[in-house]
Amino acid sequence: MEHKKETHQFKAEVQKVLKLIINSLYSHPEIFLRELISNASDAIDKIRFKSQTDPDILAGDGEFKIRIIPDRKNRTITIEDNGIGMTHEEVVENIGTIAQSGTKAFLEAVEAMKKDTIAPELIGQFGVGFYSSFIVADKVTLVTKAPGARTATKWESTGDGTYTIEETKKKGRGTSVTLHLKEPSEGEPDYTDEWTIRGVVKRHSDFVSYPIVMDVERQEPLAEAEILKDADGKPIGETTRKVKREETLNSMKAIWTRNKSEVTDEEYSEFYKHISHDWSEPLEHVHIRFEGTTEYNALLYIPSRLPLDFTMRERRHGIHLYCKRVFIMDDCRELLPEYFSFVQGVVDAPDLNLNISREILQQDGLVRNIRKNLVKRLFDLLEGMDTEKYAKFFAEFGPILKIGIPTDHENRDRIAKLLRYQTTASEGKLVSLADYVSRMQEGQDAIYYITGENAATLLNSPHLERLKEKGLEVVLMTDPIDEFIVQVLRVFDTKKFVSAEKGDLGITTVDEKKRHEFDGFFAFLKEELKDHVKDVKASTHLKDSLSCLSGETYDMSPYLERIMKATGQKTEPAKRILEINIDHPAVANIRFLFEKNGKDPLLADYAGLLYDLALIAEGGKVEDPARFSRTVGAVMAEAITAEELMGGDGIEV
Ligand code: ADP
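Everything in this summary refers to the structure shown in the same document. (Residues numbered from 1 in each chain as written. Predicted model: local features only at pLDDT ≥ 70, side-chain atom pairs only at ≥ 80, totals over all residues. Heavy atoms only, no water.)

What follows concerns helix α11 (residues 387-401). Here α11 spans only 17 Å end to end across 15 residues, well under the 21 Å set by a 1.5 Å rise per residue. By the largest-angle criterion, Ala 395 marks the main kink of α11, which is about 55°, and a proline, Pro 399, follows within four residues. When we look at burial in α11, the residues that qualify are Tyr 390, Phe 393, Phe 394, Phe 397, Gly 398, Ile 400 and Leu 401. At its buried positions, α11 is contacted by β11 (296-302), α10 (365-384), α12 (404-407), α13 (412-418) and β15 (420-423). (Helix = DSSP H or I, 4+ residues; strand = E, 2+ residues; numbered from the N terminus. Expected span 1.5 Å × (residues − 1). Bend = angle between axes of the 7 residues up to and from the residue. Buried < 20%, exposed > 50% of the residue type's maximum accessible area, 1.4 Å probe, protein only. Contact = heavy atoms within 4.5 Å.)

Laid out in structure tokens, this is it:
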């Protein structure tokens, strides 16, 4: 198909991202080179991998290279590769739109900050890629050709809202990106300068596994025979000449095959940025050399942040699998369980078959063995982190790590030890379950917990009143998956989990005689509220509040019910038990009213109120807010009138 020159509008979010990148990263201009080299290296990885099964795809050009061509006179720098290239459709799809599905969320988060610029670390989560060209360039021209294609595609933009795309000619497959550089201001580096380029490549891209080459000019001494000499043998004229030669700028040393002691922290960090396309520093890394029946190297990183689009995005990075330094695939999910899917890095297993496919990987014994070891080492790493670092880790990745509890039976206990929660005694800090157990009271055999949306509401939950009174600590669980976690674990360190909102806690007893006095009243409440509750009982949880709702030990909690509803899952709402505080004076008064006249119309309102108050206390919604408001109003009026009658200073109306 022939493609004439077309002008396109950038998608609105691209323009916003572009502006943000330029504004936020102008003080780190050199990263554009790393990003473009990284894209080139990925493109070569792709064709090299394809060529394993389809050698013809290389069409004789198997000498992979990334070439940098500075042009001082025209003030351009070109980065060229003989990688996989792009078809016209791919250019439209990849350049000019932003594939990352989290873009919108990212932009909304930034807009919420009401700023035009953000800290570079925040951009790091996002991966700036190709667009970073516009930090240094006022025009970018990309020419690319897919293997075997007849024609090439040219994309060009000044980054001001539109780009053009047209068909063109190009020798050989691959991509070349030419940046028309802005004039550098005083003191700014000149990216057409050989030494500037060398410095940047060395700093950020030294371990790229393909040669990054550049033609350099040098004065070379002439050979003896070439030098003109006078009668005395003194040279006449030039003794040197300018020669151009290609030089490789990077060492290509695969960092993971080196000895730990030889690799500096900067190198580890730069390598992380290279493979993850992240701009921030990693939180932690582990460099492993396994020696035994099979040998392999692994270099794994824990990022410092969870990407905003983590759950939705097609993760192309993840674990890169190599075999004897030959790239096989990225995002090799078979090497780590899902609960470690945020880990980035490289695994190089010399005994793997180069032509291995994703399907075969799953059944491969060696892969299973590697996976087991990597998981073990990651646990060691997490267990060895200091409290502060681990808190950072857990805040970002805790919810993902928890997926391991229902899915990895073998490591369940190890993951359980890594869980952190706030408790009623932790004063806002996160503590481990082991901490909780170590503080348990003499004779306490349960870990009390409560689930809900946020710790602040949970802390004030009426369900905890009696537990607090007895000084019993309660774990506050606020992550939706926590419900499942306790159901799967059932115990931690032989101590069983007991919900603070379900069943009888067995920590207080109700006076039997007094309970019986309420039989008639409770029967009335049960009938009155039969559409909402399955039973009415004297509470063992409450001390100060009038009422609360509780479930039976294996009932779904109201929080879980709300989550399921919110995510569109059909649930049969479980009817709960209304617990009444029979020691509360208001309850005593209502009962008194009931005993006096069981047909008093006010009783229905009070019954509704007892139920609504229980709902509100746990963060639920009242079904009939108008009736609630009316009843509370009436009760208040009663109370105020009563006060007046008792001689208080009432309000004059
Ligand atoms: P990222 O690299 O984070 O995906 P970019 O904006 O840098 O984001 O690139 C978008 C896409 O464009 C890449 O995923 C890739 O498919 C394509 N691309 C970029 N540069 C090249 C290149 N040199 N060769 C082939 N494809 C490329």
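Right, let's talk about the sheet that holds strand β20 (residues 495-499) for a bit. By definition, the strands of a sheet pair up through backbone hydrogen bonds, in either a parallel or an antiparallel sense. Spatially, β16-β15-β18-β17-β20-β19 is the arrangement adopted by the 6 strands of the open sheet, whose pairing is mixed. Strands at the two margins of the open sheet, each flanked by one partner only, are β16 (431-432) and β19 (491-492). Judged from the 2 bridges that link them, β19 and β20 form a sheet pairing that is antiparallel. Each bridged residue has a counterpart across the sheet, and for Val 491 the counterpart in β20 is Lys 496. (Pairing = 2+ DSSP bridges.)

In this section: the packing of helix α19 (residues 519-528) against helix α21 (residues 585-596). Their axes nearest at 10 Å, the elements α19 and α21 cross at an angle of 90°. By the criterion of interaxial angle, the relationship of α19 to α21 is roughly perpendicular. Touching Gly 520, Phe 521 and Phe 524 of α19 are Val 587, Ile 590, Arg 591 and Phe 594, all from α21. Of the residues belonging to the contact of α19 with α21, the class tally is 5 nonpolar, 1 polar and 1 charged. (Axes fitted to C-alpha atoms, helices over the stretch in contact; angles between N-to-C directions. Parallel < 35°, antiparallel > 145°, perpendicular 65-115°, else oblique. Nonpolar A, V, L, I, M, F, W, Y, C, P; charged D, E, K, R; others polar.)

Here we take up helix α7 (residues 194-205). When the terminal C-alpha atoms of α7 are compared, their 16 Å separation across 12 residues agrees well with the 16 Å that a helix rising 1.5 Å per residue should span. Of the positions making up α7, those classed as buried are Glu 194, Thr 196, Ile 197, Arg 198, Val 200, Val 201, His 204 and Ser 205. For α7, the secondary structure elements touched by its buried residues are α2 (31-53), β2 (66-71), β3 (76-81), β8 (212-221), β9 (240-248) and α8 (265-276).

Ordered in space as β10-β11-β14-β12-β13, the 5 strands form an open sheet in which the pairing is mixed. At either margin of the open sheet sits one strand with a lone partner, and together these are β10 (284-290) and β13 (326-329). Mean inter-strand twist for the sheet, computed between neighbouring axes without regard to direction, equals 20°. Direction of pairing for β10 relative to β11: antiparallel, over a ladder of 7 bridges.

Moving on, we come to the packing of α2 against α7. Packing of α2 against α7 leaves a shortest axis separation of 9 Å and a crossing angle of 60°. Here the hand of the crossing between α2 and α7 comes out right-handed. The residues of α7 that touch α2, namely those facing Leu 33, Arg 34 and Ile 37, are Ile 197, Val 200, Val 201, His 204 and Ser 205. Its residues placed into classes, the contact of α2 with α7 shows 5 nonpolar, 2 polar and 1 charged. (Left-handed = near helix turned anticlockwise from the far one by under 90°.)

What follows deals with the pattern of salt bridges. A full pass over the atoms with the stated rule returns 40 salt bridges. For Asp 190, the salt bridge goes to Arg 75, with nearest N and O atoms at 3.4 Å. Taken together, the positions of Asp 190 in the loop between β7 (174-181) and α7 and Arg 75 in the loop between β2 and β3 put the pair 115 residues apart, joining distant regions of the chain. In terms of burial, Asp 190 and Arg 75 fall into one category: buried. One salt bridge in this structure joins Lys 402 and Asp 479, with 3.1 Å as the shortest N-O distance. Of the two residues, Lys 402 is situated in the loop between α11 and α12 and Asp 479 in the loop between β18 (474-477) and α17 (482-489); the sequence distance between them amounts to 77 residues. (Salt bridge = Lys/Arg side-chain N within 4 Å of Asp/Glu carboxyl O.)

Here we come to unusual backbone geometry. Its identity is not glycine, yet Ala 59 carries a phi of approximately 45°, on the positive side. With respect to the secondary-structure elements, Ala 59 resides in the loop between α2 and β2. Unlike most non-glycine residues, Glu 427 shows phi in positive territory, near 55°. Secondary-structure assignment places Glu 427 in the loop between β15 and β16. Among the residues examined, Glu 427 registers a relative accessible area of 73% and is labelled exposed.

This next bit is on the pairing of strand β23 (residues 576-580). The buried fraction of β23 amounts to 5 of the 5 residues, a majority that puts the element mostly inside the structure. As paired strands, strand β21 (residues 533-538) and β23 are joined by 5 bridges and run parallel to one another. From the neighbouring strand, Ala 538 faces β23, where its bridge partner is Ile 580. Relative to β23, strand β22 (residues 547-550) is paired through 4 bridges, and the arrangement is antiparallel. Residue pairing for β23: Ser 547 is matched across the bridge by Ile 580.

Looking at where Thr 192 falls in the secondary structure, it is placed in the loop between β7 and α7. There is a polar contact of 2.8 Å between the side chain of Thr 192 and the side chain of Asp 190. Excluding its chain neighbours within four sequence positions, the residues that come into contact with Thr 192 are Pro 70, Asp 71, Arg 72, Arg 75, Thr 76, Leu 181 and Ile 197. (Polar contact = N/O pair within 3.5 Å; in protein donor to acceptor, adjacent residues only side chain to side chain.)

Now for the packing of aromatic side chains. As enumerated under the stated definition, the model contains 28 aromatic pairs in all. Here the aromatic rings of Phe 290 and Tyr 296 are separated by 4.5 Å at their centres, their planes lie at 40°, and the arrangement is tilted. One Lys or Arg, Arg 198, reaches over the ring of Trp 195 and ends 4.8 Å from the middle of that ring. (Phe/Tyr/Trp six-rings, centres within 6.5 Å; stacked < 30°, edge-to-face > 60°. Lys NZ or Arg CZ within 6 Å of the ring centre and 35° of its normal.)

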